[in-house]
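So the chains spell out like this:
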Amino acid sequence: MTEPTTQPAPAPAPANTSGTVDLTAAALLALSPAAALAVGTQMDSIPGVISAALVAGAGAGVVAGTRMATGHTALNLPETSLVRREAWALVSASGASLLSLLAGWLDGAAGPDALLSTVFAPSWAQAGYAVMSGAWWAATGFTVWQLRKQLLYRQPAPEPTPVPAEEPAAQATEPPRPVLPQQISPTGSVARILHMWQYIGGPNGVAPDHLLKDVEVAADGSWTGRVLSPLGKTVSTHVSQGTLAQVYACPDAWVTVADGFNSGERIVSVRTTAPAPTAGVDDSTPQGVWAAYVAAPGRPLPNTTLESVGVNTAEQGGGWRAYVRADRRRVPTPDLVDLAAALGVDRLSLISYVTTSDPTRAIVRVMDRNPLEDGMPIPSLDALKASDGGYISIGRYVTMTEVLVQLCEPGDGAKHMMIAGATGSGKSALIEVLALACHANGYALVLADPKGNSFRKQTYDMAAIHGFGIDGSMTALRAAHAKLKQAQKDLEGTGQNTFTHTPERPLTVVVLDEASRLLNKNSPVKDEAVAIVDDFASLGRALGFSLVLANQIVNLDQLGGSQAVRTNLIGGGTLVMLRTSSGQKHLADLPDEFGLVDPSQIPQTWVRELSLDGVPDGDPRRTYGLGYGAGPGAMAEMMRTSYAPDLAALYDPARVVQLDFTGIDTTAHITPAAPAPSSTRPSSAPASAAAAPAKETVEDKVLAVLEETGGGSLRRKQILDLTGAGAAQLDRVLKRLRETGAVINPDGIEGLYALPADDN
């Protein structure tokens, strides 16, 4: 197909008002130091409250501009905002205004006059004003220089309207093909593609300063390219399917936007013609279906291929499995609904897509029947016996391999766990499995049930202490906390900094169900409960106390905002997500391994059309226990937890591990400890400087947040969030700390960091 020889005259382009808006905003910003200087001469006559507010406002401008310029915040401003794009100009203009107002505040009308002139005639008597004057002129000049492009803006002349050529008489009966102005031709043109990109990544585009690189055009006009954001920033949300479809005049379905190697890159694919008919597709092979419906441009995973296609066993549900390969780029992460539709799968439970440690490969499974539908009853108490490495089987993955968790790792210490799930999702059944695991392995169980009556009677009987409601739960937690502090005191000076479970010194598993009832901001016991949970999370590993938090959602706002919970449970422990709200997939609290997980897509029954009427809670036709699980460094995968049909048959009163609570006052409230200094390293400053503490470095912050894990590990993204450091600066610090041995990569996992083990 070739372009027509004639085209109708394009419609007049809308007036370009963005440059005019920028000119006005730039002029106001550039004149603000002079305006502040005029206000400064009248400071004597302005009420003190108003003058203080003016000074504070100028200072706030300096702070806000600096945070935007360094990438710490955008203040919810649109990316096209001049103030956001020229943040350093806001800093310098606000700084000059602050100096003007301060001069007027200090010396009245004489202050601004001195600020203007002292730099040209400095004297020892006015040394301070000489410095301030130089700073004022420098900041004002820098502001004008930064805004020079906007201040010199000129409205571009409208492009002439082309005169259409006459159509040959032979074509008179065929109407001309309508096209949008500057639409790319079906034959493909890199120059035109890049020209149209200015409406997205150009200075006045919806995503300014975003580059389109490595454009490759196919024979049919379809093209792919890489979008790169400005250094240190993530790709704008305006680089979207809808925006590209609008600019390049094609249907939304013809555009694909996939993840790149990092947050600053996206891979885009745009078709310019309709996909070829699929009548000749070989639907008899996974490769044929994948190539036609999944990997084609505009499909869920464009430019990917299948490798090592194999058959699932009958135990694994039948169907097929394969590696998904993206050639020399990061394999995209598709929407599972789109992927299921493309593969012709009518139920999400019949498809599994998991990324691997190789960024260019993922694993896809398409099953005839999900093997988890039958449920996972516990055959005997011995099935919950821990392995030599401390692993306990709590269920099965969709591959029918065991879901293994550690409550205690020999030679290292106690391990923590987080369980998220809505009512009816199987959260209580999983806690009963953990209680049975304590029963089978000789662990002591402390059970706090703020809701009350959430479990069967035998579950409470297996606990050394349990409590109902808020008051009863706090009684149980205070008793366990007293045992924690007692263990800490007993080990002081012994040199023991790890824990190994023994019959004489058993592991204590502290389970808090519906944790938000105690930890949320409206809880009457919030401060005390957070203090107790923090101690278990940060001290429990070395002292033999495993903390298990269960809640309907994984949200730090509902869990007391505890950083110890973030680092030791959500980041460094085992996380199991059962059916819960769709908002969970967008929470920053979730580890990267759960990037593909949307727990709201788990239905209440295996067949959505099945009515729940007459289906009891324990019926396998319900999806209780179905969810996703992952330990540190592992990717989340579909799983189903085990359950105990007959708890009484597995309960043995003689196996309950008791704790001695003699002399412990469970009514005495725990007072939250005062905030500890962020770094424990001794200062080399002289005693006279003690009143002025040294500025904390990024290195100090990294070591401090790793110390707070109590021997656990953190991912790079978690360290970035907790320290507030810049990405490039943090990478340099982590590299330096690794080279000196101050931090390590546990088990050689790149991107995972911890303090080296203490050999004392």
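Before reading further, recall that the structure is shown in the block above.
Notes on the structure in this doc start here. Because the structure is a prediction, the values reported are computed rather than measured. (Residues numbered from 1 in each chain as written. Predicted model: local features only at pLDDT ≥ 70, side-chain atom pairs only at ≥ 80, totals over all residues. Heavy atoms only, no water.)

The secondary structure content of the chain amounts to 21 helices and 22 strands. Residues counted as buried form 46% of the 760 residues belonging to the chain. Sequence-distant contacts, at least 24 apart, represent 62% of the contacts inside the chain between residues at least 6 apart. Summing over all exposed atoms, the chain offers an accessible surface of approximately 36900 Å²; the carbon and sulfur share of this is 56%. (Helix = DSSP H or I, 4+ residues; strand = E, 2+ residues; numbered from the N terminus. Buried < 20%, exposed > 50% of the residue type's maximum accessible area, 1.4 Å probe, protein only. Contact = heavy atoms within 4.5 Å. Areas by Shrake-Rupley, 256 points an atom, 1.4 Å probe, with all protein chains shown as cover.)

Here we take up the packing of aromatic side chains. Under the definition given, this model contains five aromatic pairs. With centroids separated by 5.1 Å and ring planes inclined at 65°, the aromatic side chains of Trp 223 and Tyr 248 adopt a geometry described as edge-to-face. With Trp 223 in strand S2 (residues 223-228) and Tyr 248 in the loop between helix H9 (241-247) and strand S3 (255-259), this residue pair connects regions lying 25 residues apart in the sequence. Comparing Trp 223 with Tyr 248, the two get one shared label, buried. When the centroid spacing of 5.9 Å and the interplanar angle of 70° are considered together, the rings of Phe 455 and Tyr 460 count as edge-to-face. Owing to a relative accessible area of 7%, Tyr 460 belongs among the buried residues under this scheme. Of the aromatic side chains, those joined through ring pairs into one cluster are Phe 455, Tyr 460 and Phe 468. When the ring centre of Tyr 323 is taken as reference, the NZ or CZ atom of Arg 361 above it lies at 3.8 Å. A cation sits over an aromatic face here: Arg 640 above Tyr 624, 5.0 Å from the ring centre. (Phe/Tyr/Trp six-rings, centres within 6.5 Å; stacked < 30°, edge-to-face > 60°. Lys NZ or Arg CZ within 6 Å of the ring centre and 35° of its normal.)

Right, let's talk about the packing of helix H19 (residues 698-707) against helix H20 (residues 716-723) for a bit. At a minimum axis separation of 10 Å, H19 and H20 run at an interaxial angle of 110°. Relative to H20, the element H19 lies roughly perpendicular. Judged by the twist between their axes, the crossing of H19 over H20 is right-handed. Across the interface between the two elements, Lys 701, Val 702, Val 705 and Leu 706 of H19 pack against Ile 719, Leu 722 and Thr 723 of H20. A breakdown of the residues in the contact of H19 with H20 according to their chemical character gives five nonpolar, one polar and one charged. (Axes fitted to C-alpha atoms, helices over the stretch in contact; angles between N-to-C directions. Parallel < 35°, antiparallel > 145°, perpendicular 65-115°, else oblique. Left-handed = near helix turned anticlockwise from the far one by under 90°. Nonpolar A, V, L, I, M, F, W, Y, C, P; charged D, E, K, R; others polar.)

A few words on the side chain of Ser 425. Tracing the backbone shows Ser 425 in the loop between strand S13 (417-420) and helix H12 (427-441). Exposure remark for Ser 425: the relative accessible area of 1% places this residue in the buried category. Among the polar contacts listed, one links the side chain of Ser 425 to the backbone oxygen of Ala 422, at a separation of 2.6 Å. (Polar contact = N/O pair within 3.5 Å; in protein donor to acceptor, adjacent residues only side chain to side chain.)

The next thing to look at is H12. End to end, H12 covers 21 Å across 15 residues, agreeing with the expected 21 Å (1.5 Å per residue, within 8%). For H12, the buried fraction is high: 13 of the 15 residues fall into the buried class. Looking one or two residues past H12, Gly 442 carries a phi angle of roughly 75°, positive in sign. (Expected span 1.5 Å × (residues − 1).)

Once that is clear, we can look at the sheet that holds strand S6 (residues 320-326). What links the strands of a sheet is backbone hydrogen bonding, and the strands pair in either a parallel or an antiparallel sense. Strand order in the open sheet formed by four strands is S5-S6-S8-S7, with antiparallel pairing between adjacent strands. Looking at strand neighbours, the two that pair on one side only are strand S5 (304-311) and strand S7 (351-355), the edges of this open sheet. In this sheet, adjacent strand axes meet at a mean angle of 20° when their direction is disregarded. When S6 meets strand S8 (residues 361-366), the two strands line up antiparallel, connected through six bridges. Pairing of Arg 321 across the sheet is with Arg 365, part of S8. Helix H10 (residues 286-294) rests against S5, S6 and S8 of the sheet, and its axis sits at about 155° to S5. (Pairing = 2+ DSSP bridges.)

Bringing the side chain of His 416 into the picture now. Along the chain, His 416 turns up in the loop between strand S12 (413-414) and S13. The exposure class assigned to His 416 is buried, which follows from its relative accessible area of 5%. Within the local environment of His 416, its side chain forms a polar contact with the backbone nitrogen of Leu 547, the two atoms lying 2.9 Å apart.

Attention now goes to a nonpolar patch on the surface. On the surface, Val 39, Ile 50 and Leu 54 cluster together to form a nonpolar patch covering roughly 210 Å² of accessible area. Within the secondary structure layout, Leu 54 lies in helix H2 (residues 48-69). Judged by its relative accessible area of 35%, Leu 54 falls in the partly exposed class. (Patch = residues over 30% accessible without salt bridge, like charges linked within 9 Å, V, L, I, M, F, W, Y side chains within 5 Å. Salt bridge = Lys/Arg side-chain N within 4 Å of Asp/Glu carboxyl O.)

Bringing unusual backbone geometry into the picture now. The phi angle at Asp 214 is positive, at roughly 55°, despite the residue not being glycine. Locating Asp 214 in the fold gives a position in strand S1 (residues 211-217). Overall, Asp 214 belongs to the partly exposed group, its relative accessible area being 47%. Despite not being glycine, Asn 303 has its phi angle at roughly 60°, a positive value. Here Asn 303 lies in the loop between H10 and S5. Judged by relative accessible area, which is 42%, Asn 303 ranks as partly exposed.

Across the six residues of strand S4 (residues 265-270), six count as buried, placing the element largely inside the fold. The alternating pattern of S4 places Glu 265, Ile 267 and Ser 269 and Arg 266, Val 268 and Val 270 on opposite faces, both of which are buried. By the bridge criterion, six bridges tie S2 to S4 in an arrangement that is antiparallel. What sits directly across from Trp 223, in S4, is Val 270.

Moving on, we come to the nonpolar core. In terms of nonpolar packing, the biggest core is built from 41 residues, with Ile 394, Met 417 and Leu 436 touching the most fellow members. Among the elements that make up this core, the one with the highest residue count is H12 (nine residues). Once residues lying within four places of it in the same chain are set aside, the contact partners of Ile 394 are Val 403, Val 405, Met 417, Leu 430, Val 433, Leu 434, Arg 640, Thr 641 and Ser 642. Counting residues in each nonpolar core, the second largest holds 35 residues, with Met 418, Leu 491, Phe 536 and Leu 575 among its members. (Core = buried A, V, L, I, M, F, W, Y, C linked by side-chain atoms within 4.5 Å.)

In this section: the pairing of strand S14 (residues 444-449). Most of S14 sits inside the fold, with six of its six residues counted as buried. Pairing analysis gives five bridges linking S14 to strand S16 (residues 508-512), with the strands arranged parallel. Pairing of Ala 444 across the sheet is with Thr 508, part of S16. Sheet analysis places S14 next to strand S15 (residues 465-468), joined by four bridges and oriented parallel. By the bridge assignment, Leu 447 is partnered in S15 with His 466.

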